[in-house]
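This is what each chain is made of:
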Amino acid sequence: QYTWGIAFLLENNGSRTVTLDNMHIWNNTIIGGTSSNFDAIRWVANGTATNSSIKNNIISQWNNRAINIVRQANESASFTNFDVTHNCLHNNGSNIVFMASDISRTNVNLSTGNILSNPLLTSTYRLGDSSPAIAAGINVGLTGTDLDGITWANPPSMGAFEGTIPPSPPDT
């Protein structure tokens, strides 16, 4: 849990332009604190970003925006084949995914599969049994297990931990 600042800061502003290709932020649980925190993910762009994505994250309790993509004055930025999808954005100052209108966009998706529901996390940031984030992600090719040793499902859950759907009660 963060109590100040920004969880992910991608800042490539200044005199040099940067080319990012295949940069991904997948399956994180990013919880803000109760103090002065800003954006969970803040990307200050200068240059190009291609074939990149932000998917399957849980972002909650940030004072400003969940995801904020801007550029500095007198710089240019372009995004091609960029997806911000299948994230749980809850209880932030603004639950939107913001991308400044002066950033060039080609094949950019900022909304598919994003949900605003309470992820119903436990005190240890795992998904509660009735979490809407269980199996709400999109397959990004995860293999193996989460941090608790639970095999990633297909589709995976949103966040850093795979949820488990309790078995249905037996028929009586």
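Counting restarts for each chain: residues are numbered from 1 in the order of the written sequence. A pLDDT threshold of at least 70 governs which residues receive local features in this predicted model, and a stricter bar of 80 or more applies before side-chain atom pairs are shown or counted, although totals over entire chains, interfaces and linings include all residues. Side-chain calculation: all heavy atoms of the structure are included, whereas hydrogens and water are not.

### Side note on the packing of aromatic side chains
Okay, so step 1: Under the pairing criterion, centres of Phe, Tyr and Trp rings, with the six-membered ring standing for Trp, must be within 6.5 Å; the plane angle then separates stacked pairs below 30 degrees from edge-to-face pairs above 60, leaving the rest tilted. Counted under the stated rule, the structure contains 3 aromatic pairs.
Okay, so step 2: Taking 5.0 Å as the distance between ring centres and 70° as the angle between the ring planes, the aromatic pair formed by Trp-43 and Phe-79 counts as edge-to-face. Of this pair, Trp-43 sits in strand β5 (residues 41-45) while Phe-79 sits in strand β9 (residues 77-85), placing them 36 residues apart in sequence.
Okay, so step 3: Classification of residues uses two cut-offs on accessible area relative to the type maximum, computed with a 1.4 Å probe and protein chains only: under 20% is buried, over 50% is exposed, and between them is partly exposed. Relative accessible area serves as the criterion here: at 1%, Trp-43 is assigned to the buried category.
Okay, so step 4: On the basis of relative accessible area, Phe-79 is assigned to the buried category, the value being 1%.
Okay, so step 5: Positioned above the aromatic ring of Phe-98, the side-chain terminus of Arg-65 is 3.9 Å from the ring centre. Labels follow the DSSP assignment, with helices taken as runs of H or I lasting at least four residues and strands as runs of E lasting at least two, numbered in each case from the N terminus. Counted as over-ring charges are cases with an Arg CZ or a Lys NZ within 6 Å of the ring centre that also lie within 35 degrees of the ring normal.

### Things to note about the sheet that holds strand β11 (residues 94-99)
Okay, so step 1: Note: two strands are recorded as paired if DSSP finds a minimum of 2 bridges between them. If you walk across this open sheet you meet the 4 strands as β1-β5-β8-β11, and the pairing is parallel. Here the strands that pair on one side only, and so sit at the sheet edges, are β1 (8-11) and β11. Each strand of the sheet is rotated relative to its neighbour by a mean of 10°, with strand direction disregarded.
Okay, so step 2: Across 4 bridges, strand β8 (residues 65-71) lies against β11 in parallel orientation. In the strand pairing of β11, Ile-69 is matched with Met-99. To obtain an axis, a line is fitted to C-alpha atoms, over the contacting stretch when the element is a helix, and the angle between two such axes runs from 0 to 180 degrees between their N-to-C directions.

### Focus: the environment of Thr-106
Okay, so step 1: Structurally, the position occupied by Thr-106 is in strand β12 (residues 104-109).
Okay, so step 2: The class for Thr-106 is partly exposed, based on a relative accessible area of 43%.
Okay, so step 3: The criterion used for residue contact is that any of the two residues' heavy atoms lie within 4.5 Å. Dropping the residues within four chain positions of it, Thr-106 is found in contact with Phe-79, Thr-80 and Asn-81.

### As for the nonpolar core
Okay, so step 1: Here, nonpolar core means buried Ala, Val, Leu, Ile, Met, Phe, Trp, Tyr and Cys residues that are tied together by side-chain atoms lying within 4.5 Å of each other. Within the largest apolar cluster, 25 residues are counted, with the highest numbers of intra-cluster contacts made by Trp-43, Ile-59, Ile-67, Ile-69, Phe-79 and Phe-82.
Okay, so step 2: Of all the elements, β9 adds the most residues to this core, at 4 residues.
Okay, so step 3: Among all residues touching Phe-79, those that are not within four sequence positions of it are Trp-43, Ala-45, Ala-49, Ile-69, Met-99, Ile-103, Ser-104, Arg-105, Thr-106 and Val-108.

### Overview of the pattern of salt bridges
Okay, so step 1: By convention in these notes, a salt bridge is any Lys or Arg side-chain nitrogen within 4 Å of a carboxyl oxygen on Asp or Glu. This model, assessed by the stated rule, comprises 4 salt bridges.
Okay, so step 2: A salt bridge links Asp-39 to Arg-42, with the nearest nitrogen and oxygen atoms 3.2 Å apart. Assigned by exposure class, Asp-39 and Arg-42 land together as buried.
Okay, so step 3: Among the salt bridges present, the one from Asp-83 reaches Lys-55, with a minimum N-O distance of 3.8 Å. Of the two residues, Asp-83 is situated in strand β9 and Lys-55 in strand β6 (residues 47-55); the sequence distance between them amounts to 28 residues.

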